[in-house]
Every structure is written in C-alpha cells, then in structure tokens.
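Single-letter residue listing:
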Amino acid sequence: MKQLKKLSELEISGKRVFVRADLNVSLQNKQILNDFRLQAIVPTINYIIKNGGKVILASHLGRPNLEKTKDLGTTSLSTQILIPWFEKQGYALDFAADLAQAEQKSHHDLSKVLLIENLRFFKEEKEPTDAFAQQLAKLADFYINDAFGVMHRTDTSVTLLAHHFDRNHRGIGFLVEKEIETLTHLKNKPEQPFVLVLGGSKLNDKIPMIERFLQAPEPIRAHTILIGGLVAQAFLHAQGYIVGEATFDEQTITTAKKIIALAAQAQVSIMLPSDLRVISSEGSTTTHVYAVDQIPAQDIVVDIGPKTEAMFTPIIAQAKTIFANGTMGMYEHPAYAKGTRAVLDVIAEAKGYSVIGGGDITSAAERCGIAQDIDFCSTGGGATLAFLGAKNPFEELPGLRALLQ
Ligand code: 3PG
C-alpha cells in the first residue's frame, strides 16, 4: 500500500483524470436493482471535481456478447441506465460512444463528468493490446483505478493502461484505498473468535480464501466456518447425504472433502446445516423443513432451516470478527429468503467487526435494510475473495500489480 499513490497525493487541478470505476450494477428490465457500487464511487468523483480536475469515467457493465445487438442494447452505459442515475445525483454529464468522441470531449468543460461507453464494447478490453491502452491513455493526464471489483481481472483498462502513466500520474481512488485498508486488516489482524459465514453457489471461487484461513497461524486462523447455500449442499454430499435433486461434479466433492480434512487438521470447526427448507416443484412458494438426512431426493433445496439458523446465531453473536460471502439460500425469492435474512440480522446486530463481500450478499443486506449496520460492505465479489486468499495481493491481483510495476 505504501508505494501505491493515493488520489489525494496527486496534483490534478486543471487536469483530465481517467477514473476506472466498477459501475457493474445488477439490472432488471433496464432498472438498477442496487446502486451500492455507484454510491461507492461518488467520493472520488466529488474530490476530483472539487479540486479542479476533469473526470473521465470508464467502466464495464455485464459481459456483453459483441456479436449480439440485444446484449449491447442492455449493457450500454448510455441513455436509460447510468446517465439518469448520475444526473439525479446532480452531476452534469457528457457521454462518449467511442474513443474519437471521448478524446474530443475530454477537453470540454472541466466541471462535466465525461462517461465513456461500456469498455467491454471494445474487444481489446478483454483481449488486451497495448494499442488500445495507448488510445485510452490519450484521454487523460492521470489514471486512477477505483474499480476494486475488477482488480483480479486482466482487462486492458485495469492492467496495461496503468503503464502509460508514470508513478506520479497514476494511483488509487478512495474506494480502493478503503477496500485495501479494511481487507488487509481482516486478513492480518482478525480479532478472535474469527467466524467465516459462507454461502452462495460457487465453491471453487472461495477455495484459496478458505484454505488461507484454515492454514494461517493460529492468531489469524478462522475459529469457526458456518456454511449455507448451495456450497453447504456440496459439503453435505461429500459426507454422504442426499440433499434433494442437486448434483455436484467429482471435483467439487473432492474439494469439499479436502477442506473438511484441512479443517480437522487445523482444529477449525466447520458447521453445516442440520435442516433445510425445500420445495417440491420449481417456483412453488410453499417450503417444507426437513432434517438433512430426510430430504426427498427429487425436492429442491432453497434455504437453510430454522434449527440451522438457531445453531448459527450464537456463533455469530459471540464472534469478534465476521466475514460473510454468499447467501444462505435463493434469497431473491421472498419465500426462500428467511435463512439469509436471519443470518444477516444477527451479523448486523453482532458486536464483532463485520465485513460482507459479494454482489448477492450485499444486495440481500440492502434488501433487508441492514447494510448500514454492517461495518464494511466490500464492493468486490471475486476480487474480495482473491484479495483475502492471496499470499501477497499486491503481486497476485493484476490490477494492483499493474499500478506498482
Ligand atoms: C463483479 O461484478 O464482480 C465485477 O464487476 C467483475 O465483473 P466480471 O466478473 O464480469 O469481470
């Protein structure tokens, strides 16, 4: 962190500042479902404007398929989605649909924020070329990476672009500064008992982070790991339970077994659900609760059960540090959100220091109205897990490494 320049250390008055942001919000019918990531970039934008710089704002949105016009329509940063949001916050905005327009407009009215079209509309963003990085670099005098959510990606605007600015002309914004500070503290100095609450559907993404917190020296090792969501079903399968209709590949089961063995070795307790809420047909709003060894094979597990909630509650309440990633069930559907809500309520009320990371759990926290009671909501999903799982995030995360090289 020492060698990373902060925005506040740069002389930006009268200069054009390229801000690589992560404005990758979840959308439904062209509506923003949760503007948490947009709110998080506001301090950086305001600081640049207040200090006389011009903001050149750039981001990706979704993973558009460049062959499909429909994909381009729904992920354009233009008219219906982001521009109205920024205008509602009181910003004067300019929009550039391509880089020629962007270069021309980058010299206009300093007080106007210039928003560039979805960077992933340019194929070179995902297939990095130095020529594309050079074109982007021409748009600004300074480069600020404030897109923590993509620090684990190699996209041109996250990596190669940084090399076109010398050390006094590139750095991190306030959002990334806060993420690094908080996650470094969580990683290196968690007060014990340190409890991990894991859920969601992707076990593989979480492996390095889980392994790190199982193998770390005792003061920073996880004390207990509570597991829900589809991830818990994989662990239950690995222990021989048939939990509804979900199936897992060999590799996932092997990974789950490996983690169980590592936890036993490290004397870390892994707690899996003892009961689950299930439905008997897709879309049904009637849930039934079963103990994990009694779930009908054709049923669909949608949430953890009430006994599991009661089992997790005191562990979270007594923790001094809590990190949660992933939800306990299919929280998007109100009938399946009870477990996620119960766990989030306890995290919000817990006296321990709490951090949550990942799009689903932060949306769920917003939806439950408790996000403001969590000590820190990380804007990253995969990036947060990569940062926590890395031995040296400044070398391992491409976005951070690029700023330091
Ligand atoms: C995220 O949503 O985690 C980030 O915006 C990264 O998006 P990506 O996984 O499409 O690179």
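Report follows, based on the coordinates. (Residues numbered from 1 in each chain as written. Predicted model: local features only at pLDDT ≥ 70, side-chain atom pairs only at ≥ 80, totals over all residues. Heavy atoms only, no water.)

1. Re the layout of surface pockets
Roughly 1200 Å³ of internal volume is contained in the largest pocket. Going through the elements one at a time, strand 2 (27–28), helix 1 (36–50), helix 8 (207–215), helix 13 (359–367) and helix 14 (382–389) are the ones with two or more residues in the lining of the largest pocket. At seven residues, helix 13 tops the list of elements feeding residues into the lining of the largest pocket. Counted by class, the lining of the largest pocket contains eleven nonpolar, 21 polar and twelve charged residues. When we break the lining of the largest pocket down by domain, the ones giving at least three residues each are domain 1 (7–173) and domain 2 (189–388). Among the secondary structure elements, those contributing two or more residues to the lining of the second largest pocket are helix 9 (229–238) and strand 14 (300–304). The greatest single-element share of the lining of the second largest pocket, amounting to five residues, is contributed by strand 14. Of the residues belonging to the lining of the second largest pocket, the class tally is ten nonpolar, seven polar and four charged. (1 Å grid on protein atoms, 1.4 Å probe; cavity = no way out; pocket = protein on both sides within 12 Å on 5 of 7 lines; lining within 4 Å. Points joined across faces, edges and corners; volume = space filled by probe spheres on them. Helix = DSSP H or I, 4+ residues; strand = E, 2+ residues; numbered from the N terminus. Nonpolar A, V, L, I, M, F, W, Y, C, P; charged D, E, K, R; others polar. Domains from an automatic or database assignment.)

2. A short note on the packing of helix 12 (residues 338–349) against helix 13
At a minimum axis distance of 10 Å, the contact between helix 12 and helix 13 shows a crossing angle of 80°. Accordingly, the angle class assigned to the pair helix 12 and helix 13 is roughly perpendicular. Here Thr340, Arg341 and Leu344 of helix 12 lie close against helix 13, whose contacting residues are Ile361, Ala364, Ala365 and Arg367. Along the lines of polarity and charge, the residues of the contact of helix 12 with helix 13 split into four nonpolar, one polar and two charged. (Axes fitted to C-alpha atoms, helices over the stretch in contact; angles between N-to-C directions. Parallel < 35°, antiparallel > 145°, perpendicular 65-115°, else oblique. Contact = heavy atoms within 4.5 Å.)

3. A closer look at unusual backbone geometry
Cis geometry is found at the peptide bond from Gln192 to Pro193, where omega equals -5°. By the secondary structure assignment, Pro193 is in the loop between helix 7 (174–188) and strand 9 (194–198). In this structure, Gln267 takes a positive phi of about 55° despite not being glycine. Relative to the helices and strands, Gln267 is located in the loop between helix 10 (250–266) and strand 11 (269–271). Look at Gln267 and you get exposed, because its relative accessible area is 73%. (Buried < 20%, exposed > 50% of the residue type's maximum accessible area, 1.4 Å probe, protein only.)

4. Considerations on the nonpolar core
Ranked by internal contacts, the top residues of the largest apolar core, which has 131 residues, are Phe18, Leu57, Val197 and Ile316. When residues of this core are sorted by domain, at least three fall in each of domain 1 (7–173) and domain 2 (189–388). Aside from chain neighbours lying at most four places away, what touches Val197 is Leu226, Ile316, Ile322, Phe323, Ala324, Asn325, Met328, Val343 and Ile347. (Core = buried A, V, L, I, M, F, W, Y, C linked by side-chain atoms within 4.5 Å.)

5. Description of the state of the cysteines
With the rule as written, the count across this model stands at zero disulfides. Free of any disulfide, Cys368 has its nearest cysteine sulfur in Cys377, 12 Å distant. Accessibility expressed as a relative area gives 15% for Cys377, which makes it buried. (Disulfide = S-S within 2.5 Å.)

6. A look at the side chain of Ser157
Note on placement: Ser157 falls in the loop between strand 7 (142–146) and strand 8 (170–172). Among the polar contacts made by the side chain of Ser157, one reaches the side chain of Arg20 at a distance of 2.7 Å. Within polar-contact distance, the side chain of Ser157 engages the side chain of Glu125 at 2.6 Å. Ignoring sequence-local partners within four residues, the contact set of Ser157 consists of Arg20, Leu119, Glu125, Leu136 and Tyr143. (Polar contact = N/O pair within 3.5 Å; in protein donor to acceptor, adjacent residues only side chain to side chain.)

7. Quick notes on the sheet that holds strand 8
Strand pairing in a sheet takes place through backbone hydrogen bonds and is either antiparallel or parallel in direction. Strand order in this open sheet of six strands is 5-6-4-1-7-8, and the pairing throughout is parallel. The open sheet has two free edges, formed respectively by strand 5 (93–96) and strand 8, since each of these has just one partner strand. Between one strand axis and the next, the sheet turns by 25° as a mean value, whatever way the strands run. Sheet analysis places strand 1 (residues 16–21) next to strand 7, joined by five bridges and oriented parallel. Its bridge partner lying in strand 7, Ala21 is registered against Asp146. (Pairing = 2+ DSSP bridges.)

8. Here's the deal with the pairing of strand 4 (residues 54–58)
The two faces of the sheet receive side chains in turn, since in a regular strand these alternate between them. When you tally the buried positions in strand 4, you get five out of five residues, the bulk of the element. Residues of strand 4 alternate between two faces, with Lys54, Ile56 and Ala58 on one and Val55 and Leu57 on the opposite face, all of them buried. Looking at chain direction, strand 1 and strand 4 are connected through five bridges and run parallel. Its bridge partner lying in strand 4, Arg16 is registered against Lys54.

9. Description of the site of the ligand
In the vicinity of the ligand, the contacting residues are Asp22, Asn24, Arg37, His60, Arg63, Arg120, Gly149, Val150 and Arg153. A distance of 3.0 Å is found between an oxygen atom of the ligand and a side-chain nitrogen or oxygen belonging to Asp22. Contacts to the ligand include Asn24, whose side-chain N or O atom sits 2.9 Å from an oxygen atom. Against a free-state accessible area of 310 Å², the protein chains account for coverage of 87% of the ligand. When atoms are counted within 2 Å of each cavity's grid points, the one that captures over half of the ligand is the largest pocket. Residue composition of the shell around the ligand, by class: one nonpolar, three polar and five charged. (Near = heavy atom within 4 Å. Areas by Shrake-Rupley, 256 points an atom, 1.4 Å probe, with all protein chains shown as cover. Sits in = over half its atoms within 2 Å of the grid points.)

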